[in-house]
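# Observations on chain architecture
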Amino acid sequence: MRIAFLCSEYPPHRGAGIGTFTQALGRALVRAGVPVDVVGVYPVERDALEDDQGVRVWRLAAARTPYTRFVRNGWKVTRKLRELCEQDGLDLVEGQENAFAAVGPLDGVKKVIRMHGGHHFFAVTLGRQPALWRGWQERRSFRQADAVCAVSRYVAETTRHLLGLGSRQIEILPNFVDPVRFCPCETAREEENLIVFAGTICEKKGIHFLIQAFPKVLAEQPAARLVVAGRDHADARYGGSFRGYLERMMDETTRGRVEFAGPVPYDQMPALLARAAVCVYPSLMEAMPMAWLEGMAMGKAVVASRLGPGPEVIRDGVDGLLCDPRQPQELASALVRLLRDPDLRYRLGRAARRRIEEEFSAAVMVERNLEFYRRVLAQG
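For the structure given in this document, a descriptive report is provided here. Small disclaimer: the values here were computed from a predicted structure and weren't measured.

What counts and what doesn't
Residues numbered from 1 in each chain as written. Predicted model: local features only at pLDDT ≥ 70, side-chain atom pairs only at ≥ 80, totals over all residues. Heavy atoms only, no water. Pairing = 2+ DSSP bridges. Helix = DSSP H or I, 4+ residues; strand = E, 2+ residues; numbered from the N terminus. Axes fitted to C-alpha atoms, helices over the stretch in contact; angles between N-to-C directions. Salt bridge = Lys/Arg side-chain N within 4 Å of Asp/Glu carboxyl O. Buried < 20%, exposed > 50% of the residue type's maximum accessible area, 1.4 Å probe, protein only. Right-handed = clockwise from strand over helix to strand, strands pointing away. Parallel < 35°, antiparallel > 145°, perpendicular 65-115°, else oblique. Left-handed = near helix turned anticlockwise from the far one by under 90°. Contact = heavy atoms within 4.5 Å. Phe/Tyr/Trp six-rings, centres within 6.5 Å; stacked < 30°, edge-to-face > 60°. Lys NZ or Arg CZ within 6 Å of the ring centre and 35° of its normal.

For the rest of this paragraph, the subject is the sheet that holds strand E15 (residues 301-305). Whenever strands of a sheet pair, they do so through backbone hydrogen bonds, lying parallel or antiparallel. Pairing is parallel in the open sheet, where six strands are placed in the order E13-E10-E9-E14-E15-E16. Every interior strand has two partners, whereas the edge strands, strand E13 (258-262) and strand E16 (321-323), have only one. For this sheet, the mean angle separating the axes of adjacent strands, direction not counted, is 20°. Two strands pair when backbone bridges link them, and strand E9 (residues 194-198) and strand E14 (residues 278-281) are joined in this way by two bridges, in the parallel orientation.

Structure follows, in structure tokens:
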């Protein structure tokens, strides 16, 4: 079996979300003896090949002409995939929702879509109208796919409805985390009253609701501190910088208790999470959030959103707390409850770590992915 992933976010280029997942799965498959290539277009001057722990990463120079970019980039990707087919005998290609919209025929190669939450999914669940061009790409891509999987049941069934996929079979393969890289650190000192948010500073992640709730936290726990780790997002609806919008929301007291740490390198994230008393993820919508899994793997008490796939990840009161992030008092109450009760934090953190080891670890999920690929290839 030889697999290629279509991904234009492979680290370190915009290496978050899908890129981080692709890297983790690709490396794990290589360790399991499966050759892996990653093909994508990037803002580079010329095509380049890199080796990432055995994963061959083909970074193709993106077309610069806006009006032909879709076709030109699609042709470059198709040509590289055909080269891999001829040279190495490629068996299966996987990409996200719109990945195959511009990819040409690949004789004898199975095409798999993994739903990470595409344009239709996030547009509709966040109350917006899908864009015609991006929506067309997704529909065309799904018509090319031989098989479909999804990172959560929520994203699978929502997308099934939005794109009219009918009774098409959708395998549920959640994201996973490396429990060796992200693990409880006995030597690191947990900082009492420290709350950590990790994620892009944007509307979708619900960080504005956290900032609204934080004065209520401070009213009950004046020593509370919040570290916001993530890159800023430009959003014209909020005056450009979303971080700037958040800073304008805060009074002087709140501003003094909130630290914007900026983008934290992935290899430094475990050290930051180890300091946290509580990790908070108030997302308006997710597909299957990697950051939540990382916090849980660290054995941390997590407060997260019950919207979307939240209950698929966290069992409320068992291995974390769920709340409606749109209700500032509810979010604040959950945070205060955990800051005041170290025994509850310990119990939830232990349970969260067990859940990762049993259901969301690399070892468990890589084998499930391989079983899925074998079934797809056996379809003939």
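With that settled, consider the pattern of salt bridges. Taken as a whole, this structure holds 28 salt bridges when the rule is applied. We note a salt bridge from Arg-225 to Glu-191, for which the minimum N-O separation is 2.6 Å. Placement of the pair is Arg-225 in strand E10 (residues 225-229) and Glu-191 in the loop between strand E8 (170-172) and E9, with a sequence separation of 34 residues. Among the residues examined, Glu-191 registers a relative accessible area of 14% and is labelled buried. Glu-330 serves as the salt-bridge partner of Arg-306, at 2.5 Å between the closest nitrogen and oxygen. Residue Arg-306 is located in the loop between E15 and helix H11 (310-313), and its partner Glu-330 is located in helix H12 (residues 328-340); the two are separated by 24 residues in the primary sequence.

This part covers the pairing of strand E6 (residues 110-115). Burial within E6 is extensive, with six of its six residues counted as buried. Alternating positions in E6 separate into two faces, Lys-110, Val-112 and Arg-114 on one and Lys-111, Ile-113 and Met-115 on the other, with burial throughout. Of the pairings in the sheet, the one linking strand E5 (residues 92-95) to E6 comprises four bridges and is parallel in character. Paired with Glu-94 across the bridge in E6 is Val-112.

Okay, the pairing of E9 next. Across the five residues of E9, five count as buried, placing the element largely inside the fold. Neither face of E9 is left uncovered, since the one carrying Leu-194, Val-196 and Ala-198 and the one carrying Ile-195 and Phe-197 both have all their residues buried. The pairing of E9 with E10 spans five bridges and is parallel. In the strand pairing of E10, Ala-198 is matched with Ala-229. In this fold, the crossover linking E9 to E10 by way of helix H6 (residues 207-220) has right-handed handedness.

This paragraph deals with the packing of H6 against H12. The geometry of H6 relative to H12 is characterised by a closest axis approach of 8 Å and an angle of 50° between their N-to-C directions. The angle between H6 and H12 places the two elements in the oblique class. Read as a crossing pair, H6 and H12 show a hand that is right-handed. Within the contact between the two elements, H6 uses Phe-209, Leu-210, Gln-212, Ala-213, Lys-216, Val-217 and Glu-220 and H12 uses Pro-328, Gln-329, Leu-331, Ala-332, Leu-335, Val-336, Leu-339 and Arg-340.

With that out of the way, let us pick up unusual backbone geometry. Looking along the chain, the bond that leaves Pro-11 and enters Pro-12 is cis, with omega of 10°. Here Pro-12 shows up in the loop between strand E1 (3-6) and helix H1 (18-31). Of note, Asn-193 is a non-glycine position whose phi angle comes to about 75°, a positive value. Here Asn-193 shows up in the loop between E8 and E9.

Within a pair of aromatic rings, the relevant descriptors are the distance that separates the centres and the angle that separates the planes. As enumerated under the stated definition, the model contains twelve aromatic pairs in all. Considering the side-chain rings of Phe-70 and Trp-133, the 5.0 Å spacing of their centres and the 70° angle between planes classify their relative orientation as edge-to-face. Here Phe-70 is found in helix H2 (residues 69-88), whereas its partner Trp-133 is found in helix H4 (residues 132-144), with 63 residues between them in sequence. With relative accessibility at 25%, the residue Phe-70 sits in the partly exposed group. Residue class for Trp-133 comes out partly exposed when judged on its relative accessible area of 46%. Ring centres 4.9 Å apart and planes at 75° place the aromatic pair Tyr-238 and Phe-242 in the edge-to-face group. For the pair formed by Tyr-238 and Phe-242, the shared burial category is buried. Grouped by ring-pair contacts, the aromatic residues Phe-70, Trp-133 and Trp-136 constitute a single cluster. Its end group placed over the ring of Tyr-42, Arg-59 keeps NZ or CZ at 4.8 Å from the ring centre. The ring of Phe-122 has Lys-204 sitting right over it, with the charged end atom 4.1 Å from the ring centre.

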